[in-house]
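Close look at the chain arrangement
Chain residues, written in single-letter form:
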Amino acid sequence: MNTHRGDIAGFRLAGRTWISELGTWSSAVSAEGRPVSALRFDSRLIARPGARDRVVGAVVADRRLIQGGLAGLVPVADLIGAQDEVWLLTADPVSPTVTDLLAEAPGAPRPDAGSAATVLAETAQTLLAVHAAGLAHGALHPGAVVIAPGGTALLAERGLVDALHGRPPAPERDVASWASLARGLAATWAASSPRAADLFERTAAIASTRGLAAARDALLTGRDLLPPGFPSRDRLVETVHWWTTRETSPPAGPSVPAQAAPARVDEGEIVTLLHVPEATRAPETGGGRTEDVVMRFGPGVPTETTAERIWRAGRDQQPTVLPGERLRTVRPPAVRRRRTVLSSVILALMVVAGLIAWLLRGAAAPLAVSEVEVITPKKVQGCDTTVKIRGVLTTNGEAGEIHYQWKRSDRRAPIEQTDTVAAGETSHEVSLEWTVKGEGTFKGTATLRLLSPVPEGAKIEDRASFTYKCS
């Protein structure tokens, strides 16, 4: 790892650095040329007793959430250690953040109240999923809310501050921080929309008294108070594009002095910290033989499956007798036999129940999309109009998340979105609002492409056009 040359395990540091509560962030480029980020943890924090193991546990928990379908977290590519340094490498950039976009640079497009509502709704949804898994973010603030190129809001640094300081998860702290974020966006991005600002203030109060789910529902119910087009991410996409293409972007925190750069570390001293035991090895059948189910529990793993809980309960009830030792309490033989048989039966029932629960949980079919259709108005659109474009996705009726993108023929950057589909519905409708102004004739083409779930090698998309005429 030659950090003096700006190389970190295949990541090339791109020059921009900023300081956070965790350490020093750097913009970087992956070996494939994608923009990513790298965090060098504060050496004093990561050296605390147990801090490294707790950070590993937080990263492993994030990976499990993402593998389970949660799309609202910045994914981690690797966690590496070299001598006394620990680096977190992300698979996506952690900038720009809401803090970056709140800085009013000359000429910068300003996100509106609809942008604020999108950020609040998506962060609330992600936090609810994180809390449902028994976890928490721990340090939610505008600098930890990343706006992706497609305009989606992602959470960075989840669980890392708590891990460094050895704090247990506290969802109530996240709720208070989300309410503070809502009030801050009400006073900034929604300042020119009093009705929307009042809605954000009201949802912040609801979060503090009735919880985050009620606040999210109140926000979505009050969408009539937001600017037309919500939840379109057009303004966020435009702002992010301006921010990322600007040559001299202001850092999100204090500048890092040149002497703060880490010293050279030899390539041979790099180790990845994410080689953790598997949580569960499912039973394998074949040739009339069934392998044992192996349950493993590592440090920092916050949640267990039903089978794991049952297995642990049965295991912990058994006494531990070292070789050559005898239990000090001698019971009558008949009592010992009855208790041994009863314990064996209970343990066997627990294992069977756990396996049945595990098999039933995996039996549900995943969400699948077989067709996409785009529908545009047939008649010619008049002057200064907002064209409403519909997209219909045909599904297999299972629940899950769909990730898709709209692409307009008048712009290069696509608009990426994520929706949750309820079970029992075989079609899901999405929409795109396209505003056209000015005189002349224009033909617009909208393309809807499904990003996931998509079978490997498949391409599911559709497009349709409309005509605009104003003279």
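Refer to the structure above for everything that follows.
Now for a quick tour of the structure. Quick caveat, the model's predicted, so the values are computed rather than measured.

Comments concerning the overall build of the protein chain
Summing up its helical and strand segments, the protein chain has 11 helices and 20 strands in all. By residue count, 40% of the 471 residues in the protein chain fall in the buried class. Carbon and sulfur atoms provide 53% of the accessible area of the protein chain, an area that totals close to 24600 Å².

Describing the side chain of Thr-118
Of note, Thr-118 is situated in helix H4 (residues 113–132). Judged by its relative accessible area of 2%, Thr-118 falls in the buried class.

Describing the environment of Leu-22
Tracing the chain through its elements places Leu-22 in the loop between strand S2 (11–19) and strand S3 (23–29). Separated by 17 residues in sequence, Leu-22 and Leu-39 have C-alpha atoms that sit 8.1 Å apart. Not counting residues within four places of it along the chain, the set of residues in contact with Leu-22 comprises Leu-39, Arg-40, Phe-41, Asp-42, Leu-45, Glu-157, Leu-160, Val-161 and Leu-164.

Some details on the packing of aromatic side chains
If you walk through the whole model with that rule in mind, you get 4 aromatic pairs. Between the aromatic rings of Trp-18 and Trp-25, the centroid separation amounts to 6.5 Å while the plane-to-plane angle is 15 degrees, which identifies the pairing as stacked. Take Trp-18 and Trp-25: they sit in the same class, and that class is buried. Here the basic side chain of Arg-16 rests over the ring of Trp-18, its NZ or CZ set 4.4 Å away from the ring centre.

Comments concerning the nonpolar core
Generally speaking, soluble globular proteins have nonpolar side chains that are buried together. By size, the foremost hydrophobic cluster in this structure holds 47 residues, and its most contacted members are Val-119, Trp-178 and Phe-200. By residue number, the principal contributor to this core is H4, which donates 9 residues. Apart from the residues within four sequence positions on either side, Trp-178 is in contact with Leu-120, Thr-123, Ala-124, Leu-127, Leu-140, Thr-203, Ala-207, Leu-212 and Ala-215.

Brief notes about unusual backbone geometry
Residue Pro-96 is reached from Ser-95 by a cis peptide bond, and omega for that bond is 0 degrees. Turning to its location among the elements, Pro-96 is positioned in the loop between strand S6 (85–90) and helix H3 (98–102). Residue Pro-453 is reached from Ser-452 by a cis peptide bond, and omega for that bond is 0 degrees. The topology assignment puts Pro-453 in the loop between strand S19 (440–452) and strand S20 (461–470). Its identity is not glycine, yet Asp-384 carries a phi of approximately 45 degrees, on the positive side. Tracing the backbone through its elements, the reader meets Asp-384 in the loop between strand S14 (369–375) and strand S15 (385–395).

As for the state of the cysteines
As enumerated under the stated definition, the model contains 1 disulfide in all. One disulfide in the model links Cys-383 with Cys-470; its S-S distance is 1.9 Å. Sign of the S-S torsion, about 100 degrees for the bond between Cys-383 and Cys-470, identifies this disulfide as right-handed. Here the residue Cys-383 occupies a position in the loop between S14 and S15, and Cys-470 occupies one in strand S20, the gap between them amounting to 87 residues. Take Cys-383: its relative accessible area is 41%, and that puts it in the partly exposed class. The class for Cys-470 is buried, based on a relative accessible area of 9%.

Notes on the pattern of salt bridges
Scanning the model with the defined rule gives 15 salt bridges in all. The residue Asp-162 makes a salt bridge to Arg-173 at a minimum N-O spacing of 3.0 Å. Linking Asp-162 in helix H5 (residues 160–165) with Arg-173 in helix H6 (residues 171–187), this pair joins segments that are 11 residues apart in sequence. One salt bridge in this structure joins Glu-429 and Arg-390, with 3.1 Å as the shortest N-O distance. Separated by 39 residues along the polypeptide, Glu-429 in strand S18 (residues 427–436) and Arg-390 in strand S15 bring together distant segments of the chain. Note on Arg-390: relative accessible area 34%, which makes it partly exposed. Salt bridges sharing common partners tie together Asp-162, Arg-167 and Arg-173.

A short note on the packing of H4 against H6
To characterise two packed helices, one gives the angle between the axes of the helices and the distance between these axes. Between H4 and H6, whose axes approach to 11 Å, the crossing angle comes to 180 degrees. Taken together, the axes of H4 and H6 are roughly antiparallel relative to one another. Within the contact between the two elements, H4 uses Ala-116, Val-119, Leu-120, Thr-123, Ala-124, Leu-127 and His-131 and H6 uses Pro-171, Asp-174, Val-175, Trp-178, Leu-181, Ala-182 and Leu-185. Taken together, the residues of the contact of H4 with H6 break down into 11 nonpolar, 2 polar and 1 charged.

Side note on the sheet that holds strand S1 (residues 7–8)
Reading across the sheet, the 7 strands line up as S1-S2-S3-S4-S6-S5-S9 and stay open at both edges, with antiparallel pairing between neighbours. Two strands lie at the open edges of the sheet, namely S1 and strand S9 (271–272), each paired on one side alone.

Side note on H4
An ideal rise of 1.5 Å per residue puts 28 Å on 20 residues; H4 measures up with 28 Å between its terminal C-alpha atoms. Counting buried positions along H4 gives 16 out of 20 residues, so the element sits mostly inside the fold. Its side-chain oxygen placed 3.3 Å from the backbone nitrogen of Gly-114, Asp-112 serves as the N-cap of H4. Immediately downstream of H4, the backbone of Gly-134 shows phi near 80 degrees, a positive value.

A few points about the sheet that holds S18
The strand order S14-S15-S18 describes an open sheet built from 3 strands, whose pairing is antiparallel. Two strands bound the open sheet, and with one partner strand each, they are S14 and S18. Across the sheet, the mean angle separating the axes of adjacent strands is 20 degrees when strand polarity is ignored. Where S15 lies against S18, 10 bridges are found, and the strand directions are antiparallel. Each bridged residue has a counterpart across the sheet, and for Ile-389 the counterpart in S18 is Leu-432.

Cut-offs applied
Residues numbered from 1 in each chain as written. Predicted model: local features only at pLDDT ≥ 70, side-chain atom pairs only at ≥ 80, totals over all residues. Heavy atoms only, no water. Helix = DSSP H or I, 4+ residues; strand = E, 2+ residues; numbered from the N terminus. Buried < 20%, exposed > 50% of the residue type's maximum accessible area, 1.4 Å probe, protein only. Areas by Shrake-Rupley, 256 points an atom, 1.4 Å probe, with all protein chains shown as cover. Contact = heavy atoms within 4.5 Å. Phe/Tyr/Trp six-rings, centres within 6.5 Å; stacked < 30°, edge-to-face > 60°. Lys NZ or Arg CZ within 6 Å of the ring centre and 35° of its normal. Core = buried A, V, L, I, M, F, W, Y, C linked by side-chain atoms within 4.5 Å. Disulfide = S-S within 2.5 Å. Salt bridge = Lys/Arg side-chain N within 4 Å of Asp/Glu carboxyl O. Axes fitted to C-alpha atoms, helices over the stretch in contact; angles between N-to-C directions. Parallel < 35°, antiparallel > 145°, perpendicular 65-115°, else oblique. Nonpolar A, V, L, I, M, F, W, Y, C, P; charged D, E, K, R; others polar. Pairing = 2+ DSSP bridges. Expected span 1.5 Å × (residues − 1). Polar contact = N/O pair within 3.5 Å; in protein donor to acceptor, adjacent residues only side chain to side chain.

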